[in-house]
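# Survey of secondary and tertiary structure
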Amino acid sequence: MTGSMFPPLLYECVFKSSPIGAYLLSPTPEITILDVNDSFLHRVSLSRADMIGKGLFEVFPDNPDDPEDTGVDALRQSIAKAVVTGEVQFMAAQRFPIQKTLPNGEIIFEERFWNASNTPIFGEDGSIVCVYHATIEVTNEVKALAALRQSEERFRSLVTAMSQVVWIAEPNGEIAADSPSWRAFTGQSQDEWRGLGALKVIHPDDRERVAQSWAAATRSGVIYESEHRIRRSDGEYRWSAVRAVPILNSDGSVREWVGTNIDIEDKKKAEEELRIANNRLKLAVEGAGEGVWEWDITKNRIFYSPVYGEIVGYSPAELGDDPNHWFSLVHPDDLPVSHAAMDEHLEGKTSSYSSEYRVRCKDGSWKWVHSRGVLVEKSSTGEPLRVAGMIKDITARKESEERIWNLANFDTLTGLPNRRMFKDRFAQEVLNTRRRHTAVALLFIDLDGFKQVNDLFGHDAGDKLLIQAAQRIEGCVRDTDTVSRLGGDEFTIILADLHGIDHVEQIAQKVLNALIPPFQLGSEKAFLSGSIGIALFPHDANSPEELIRKADQAMYVAKNAGKNRFSYFTNEMDEKAHMRLRLIQELREAVQANQMSVYYQPVIELKSGAIVKAEALVRWTHPLFGDVSPAQFIPLAEESGMINAIGDFVFHEAVSTIKRLNARLKKRLQVSINKSPIQFNSREQDKWLGYLRQLDLPPDCVTVEITEGVLLDVSEKVSSKLYEYRDAGIQVAIDDFGTGYSSMAYLQKFDIDYLKIDQSFIRDLATNRGNRAIAESIVAMAHKLGLMVIAEGVETREQMELLKGAGCDYGQGYFFSEPVCANDFESMLLAESGVPIARPFH
């Protein structure tokens, strides 16, 4: 472009007011800025003073630290070429940074891109007077183009790196652009897939479904997803997961599709194998009556098999797929434990999930189930995705376990804790007492008179009494206290968290009072009382076992003190217990050590006053303790089993003495020997008859004394032995008659020979009309039954006369003689010889 300098008006219009940034440069080597328009000043944020009169590259210096071409040299060359050639020079998208000074004084170079032209302006003489430099900034366009190119390069790299097949298609499904990955996967050439040729590689069974879903996605403009089989270049059909994103026009219609294919053949095969395996497992599990469940954790949905619903009585529709509905059926007490078990498994703390809990059935009942499962799917980051498992009805097993547990820990008759549960609870209360620094009391209760009730009314009645007694005792305590039945008629109460003994005594007295009212046993009534022993922890003992023993000792003290009372354990009781244990141990050696001896108490025929009988009584002279009372050691002998050896010793001594005395005195004396229920039920063979035959002593010289208790609950062994004695000629006497539950039936059944009236009726015979009437009635009744009567405990002449007047046959007691040794008894018999009247021998 050539021409002359602009006229003023044109200069103002073209240069000054132009929206295109421009400035005039001198054609000299200095390239001085002659003028600049406002548009350019605005672009570079400079004033006219900053530019006019200064060299171009003074205003826009080069950046020496910029490793790239800044465009300064190119601009310098373009201006020079315009001056030399007189022709316009163009510069496209030229990089030309602009120097800026920040408010903090820091100098930076701001990257800018420009389209520029350098036009020489000629004067009237034809010489170049200036260069017109016009600029249009294209920084944004250049950067956008660079970003586009970078994006395209990244896309190309991504497609190359991807294992998926990438393609672009028209809305109708026609492949729109060459896709090397598609050609490589399908083996189709570019000509083959043009048009709708790509549909030909889809499996025939899938084409209609694919076409319909493609059309639906195209109409709605949503993402297209499908799984179908595609024929590979080798002819094999393989499953692919297809996903395509629509590129939409402004009106919302689909312009084209960008999609990918992923080979999922291996996944499909694995799914099919898993499906087959699951079906097999489902058939096996449901055949065994177990339900199957599967929990999709990401969707929080749960699947149940039909058997699962059958267990609880719900249909699949009623169960739904919301896990929270199932959780609402689980018993509230069991839900936290079940959740904790699942959490532990999902966190990898356990190899599987397992939980037993109760679930509410449709009919409102509760069933026990055992649910177990395993984590079968995780995400790539290890997050749990899916859990599968089984559920089984274990109600019958739980009920059986509960029955077994109850049988092991509770008394089947009363429902109270048994000895095992009592020990567990007692040990726990002792531990609690140590922590709390309080006390615990143990009450040991024995029912007075229970054995007699059992013997008189039978075991069924005894069971009813025990049930009622348990209920009465339970009604006396707090909910936090424990009442137990240890066995037989023995009960215990554990009173915990005590700060004093007042409460203990209140409970003990309440129990005693509760046992006083009669017990209704069908049509019969029974009366009994209780004896209670009390021991305190830690005052009386340091262990549960020791406390139980001491409470038991205190109970026996209460019983021996008269019953219907309570007694605290004392150290004196412990001393007596140790003495008792020592006596039991030394009792085993007493017979062999010749510490035992037999004494004889005469039995007088009241009519003649003659000694006709004697009761053989055992005595124990201990080397350290002296004479030990029979009332003390006979119960110990029965308890330890030594009563059999002692009984045999007494029998041998007594019958040997009687044989000797009868031979010397030419009389037929009879000796009475006591035999306890323990001896009758012993497994040891009874050798008494054999010994009599060995001595050649007539059996009718021996009377066996038994208590009423032996006959009330008589066993086959006892009956057989009594009949054997009867057949051999040994006579039988009932000792202490009238103190128990006397029955006429056994008096006739076992051919009893003698009744011995208990001394409790004789003691105040002279002053107590009732006792006198009882004694007279016993005599009269016995005589009518053909029995003879012996009165025990005769201590005065008046008693003797009254008994004689009542027709009593024999008397025994201190009025006649105390028990004496064999020699003294023999002397007594010799002194009596020829004297017909009865007189006291003391």
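To keep things clear, this report deals only with the structure shown in the data block. (Residues numbered from 1 in each chain as written. Predicted model: local features only at pLDDT ≥ 70, side-chain atom pairs only at ≥ 80, totals over all residues. Heavy atoms only, no water.)

### As for the overall build of the protein
Along its length, the protein carries 32 helices and 32 strands. Its C-alpha atoms give the protein a radius of gyration of 60 Å, clearly above 28 Å, the size a compact globule of 842 residues would have. Of all 842 residues assigned to the protein, the portion counted as buried reaches 43%. In the protein, once contacts between residues fewer than 6 apart in sequence are set aside, the share between residues at least 24 apart is 57%. When the accessible surface of the protein is totalled, it reaches about 43800 Å², and 52% of it is carbon and sulfur. Here the protein contributes 93 positively and 122 negatively charged side chains, and the mean placements of these two sets differ by 6 Å. (Helix = DSSP H or I, 4+ residues; strand = E, 2+ residues; numbered from the N terminus. Rg over C-alpha atoms; globule rule 2.2 N^0.38 Å. Buried < 20%, exposed > 50% of the residue type's maximum accessible area, 1.4 Å probe, protein only. Contact = heavy atoms within 4.5 Å. Areas by Shrake-Rupley, 256 points an atom, 1.4 Å probe, with all protein chains shown as cover. Lys, Arg positive; Asp, Glu negative; His and termini not counted. Charge placed at Lys NZ, Arg CZ, Asp CG, Glu CD.)

### Quick look at unusual backbone geometry
A cis geometry characterises the amide bond from Phe 537 onward to Pro 538, with omega recorded as 10°. Inspection of the secondary structure assignment puts Pro 538 in the loop between strand S22 (529-537) and helix H20 (544-560). In the Ramachandran plot, Asn 300 falls in the positive-phi region, its phi being about 50° despite a non-glycine side chain. Considering the arrangement of structural elements, one finds Asn 300 in the loop between strand S12 (291-296) and strand S13 (301-304). At Asn 564, a residue that is not glycine, the phi angle is positive and equals roughly 50°.

### Concerning the sheet that holds strand S15 (residues 366-378)
Across the sheet, which stays open at both edges, the 5 strands sit in the order S13-S12-S16-S15-S14 with antiparallel pairing between neighbours. Edge strands, defined here as strands with exactly one partner in the open sheet, are S13 and strand S14 (353-360). On average, each strand axis in the sheet is tilted by 25° relative to the strand beside it, whichever way the strands run. In the sheet, S14 pairs with S15 via 8 bridges, with the strands oriented antiparallel. In the strand pairing of S15, Ser 355 is matched with Ser 371. Packed on one face of the sheet, helix H15 (residues 395-409) meets S14, S15 and strand S16 (384-393) and runs near 125° to S15. (Pairing = 2+ DSSP bridges. Axes fitted to C-alpha atoms, helices over the stretch in contact; angles between N-to-C directions.)

### Some remarks on the side chain of His 331
Following the sequence through the fold, His 331 ends up in the loop between helix H13 (323-329) and helix H14 (335-346). Classification of His 331 by relative accessible area gives buried; the value is 15%. Every residue in contact with His 331, bar those within four places of it in the chain, is listed here: Arg 358 and Trp 366.

### Some thoughts on the pairing of S12
With 6 bridges joining them, S12 and S16 adopt antiparallel strand pairing. Considered in S16, the bridge of Trp 293 is made with Gly 389. Pairing between S12 and S13: 4 bridges, direction antiparallel. Counted as the bridge partner of Glu 294 is Phe 303 from S13. Two successive antiparallel strands, S12 and S13, enclose a turn made up of 4 residues, where Asn 300 displays a positive phi of approximately 50°.

### Looking at helix H19 (residues 502-515)
Between its terminal C-alpha atoms H19 stretches 20 Å, which fits the 20 Å expected from 14 residues at 1.5 Å a residue. Close packing links the buried residues of H19 with strand S17 (439-448), helix H18 (459-474), strand S19 (490-498), strand S20 (519-521), S22 and strand S23 (565-568). (Expected span 1.5 Å × (residues − 1).)

### Overview of the packing of H15 against helix H16 (residues 419-436)
Relative to each other, H15 and H16 sit at 80°, their axes nearing to 6 Å. With respect to H16, the axis of H15 lies roughly perpendicular. Side by side, H15 and H16 meet where Trp 405, Ala 408 and Asn 409 of the first sit next to Arg 420, Met 421 and Asp 424 of the second. For the contact of H15 with H16, the per-class residue count stands at 3 nonpolar, 1 polar and 2 charged. (Parallel < 35°, antiparallel > 145°, perpendicular 65-115°, else oblique. Nonpolar A, V, L, I, M, F, W, Y, C, P; charged D, E, K, R; others polar.)

### Some remarks on the sheet that holds strand S6 (residues 113-122)
In a beta sheet, neighbouring strands are held together by backbone hydrogen bonds and run either parallel or antiparallel to one another. Within the open sheet, the 5 strands sit side by side as S2-S1-S7-S6-S3. Their pairing is antiparallel. Each edge of the sheet is formed by a strand with only one pairing partner; in this case those strands are strand S2 (33-36) and strand S3 (89-95). Taking the axes of each pair of neighbouring strands and ignoring which way they run, one obtains an average angle of 25° across the sheet. With 5 bridges joining them, strand S1 (residues 21-25) and strand S7 (residues 128-137) adopt antiparallel strand pairing. Across the sheet, Leu 25 pairs through a bridge with Val 131, a residue of S7. Of the strands in this sheet, S1, S3, S6 and S7 touch helix H5 (residues 72-85), which is tilted by about 175° from S3.

### Quick notes on the environment of Ala 775
Turning to its location among the elements, Ala 775 is positioned in helix H30 (residues 769-784). Residue classification places Ala 775 among the buried positions, given a relative accessible area of 3%. Separated by 18 residues in sequence, Ala 775 and Ile 757 have C-alpha atoms that sit 7.1 Å apart.

### Observations concerning the pattern of salt bridges
With the rule as written, the count across this model stands at 40 salt bridges. Ionic pairing is found between Asp 206 and Arg 229, a salt bridge with its closest N-O pair at 2.9 Å. In this pair, Asp 206 is assigned in helix H9 (residues 204-220) and Arg 229 in strand S9 (residues 224-231), connecting sequence segments 23 residues apart. For Asp 206, a relative accessible area of 4% gives the class buried. Of the charged contacts in the structure, one is a salt bridge between Lys 721 and Glu 724, with a shortest N-O distance of 2.9 Å. Of this pair, Lys 721 and Glu 724 both sit in helix H27 (residues 716-728), separated by 3 residues, roughly a single helical turn. Accessibility expressed as a relative area gives 34% for Glu 724, which makes it partly exposed. One salt-bridge network, held together by shared partners, links Arg 43, Lys 100, Glu 110, Arg 112 and Glu 137. (Salt bridge = Lys/Arg side-chain N within 4 Å of Asp/Glu carboxyl O.)

### Observations regarding the nonpolar core
Side chains of a nonpolar character, in soluble globular proteins, are inclined to be buried together. Ranked by size, the top nonpolar core spans 79 residues in total, and within it Leu 587, Met 596 and Ile 673 carry the most contacts. Considering each element in turn, this core owes the most residues, 10 residues, to helix H23 (residues 643-665). Contacts of Ile 673, omitting those with residues within four sequence positions, involve Ala 616, Val 650, Phe 651, Ala 654, Val 655, Trp 688, Val 702, Thr 703, Val 704 and Glu 705. Counting residues in hydrophobic clusters, the runner-up holds 33 residues, among them Phe 450, Val 504, Leu 515 and Leu 521. (Core = buried A, V, L, I, M, F, W, Y, C linked by side-chain atoms within 4.5 Å.)

### Quick look at the pairing of S17
In terms of residue burial, S17 counts as a mostly covered element, since 9 of its 10 residues are buried. As defined by bridge partners, S17 adjoins S19 across 7 bridges and the pair is classed as antiparallel. Residue Asp 446 lies in a different strand from S19, and its bridge partner there is Glu 490. Looking at chain direction, S17 and S22 are connected through 9 bridges and run antiparallel. Residue pairing in the sheet places Ile 445 in a bridge with Ile 532 of S22.

### Considering the environment of Leu 413
With respect to the helices and strands, the residue Leu 413 is situated in the loop between H15 and H16. Remark: the alpha-carbon pair of Leu 413 and Ala 470, spanning 57 residues in sequence, is separated by 9.7 Å. Discounting residues that sit within four places of it in the chain, Leu 413 has contacts with Asp 463, Leu 466, Ile 467 and Arg 485.

### Brief notes about the packing of H23 against helix H25 (residues 688-695)
Packing of H23 against H25 brings their axes to within 11 Å, and their N-to-C directions diverge by 25°. The angle between the axes of H23 and H25 places the two elements in the roughly parallel class. The way H23 lies across H25 gives a crossing that is right-handed. Counted together, Gly 647, Asp 648, Phe 651, His 652, Val 655, Ser 656 and Lys 659 of H23 and Trp 688, Tyr 691, Leu 692 and Leu 695 of H25 form the full contact between these two elements. For the contact of H23 with H25, the residue count by class is 6 nonpolar, 3 polar and 2 charged. (Left-handed = near helix turned anticlockwise from the far one by under 90°.)

### Side note on H9
An ideal rise of 1.5 Å per residue puts 24 Å on 17 residues; H9 measures up with 25 Å between its terminal C-alpha atoms. Regarding H9, the residues found buried are Asp 206, Val 210, Trp 214, Ala 217 and Thr 218. Buried residues along H9 sit against strand S8 (165-169), S9 and strand S11 (254-263). Of the residues flanking the end of H9, it is Gly 221, one or two places downstream, whose phi is positive at about 70°.

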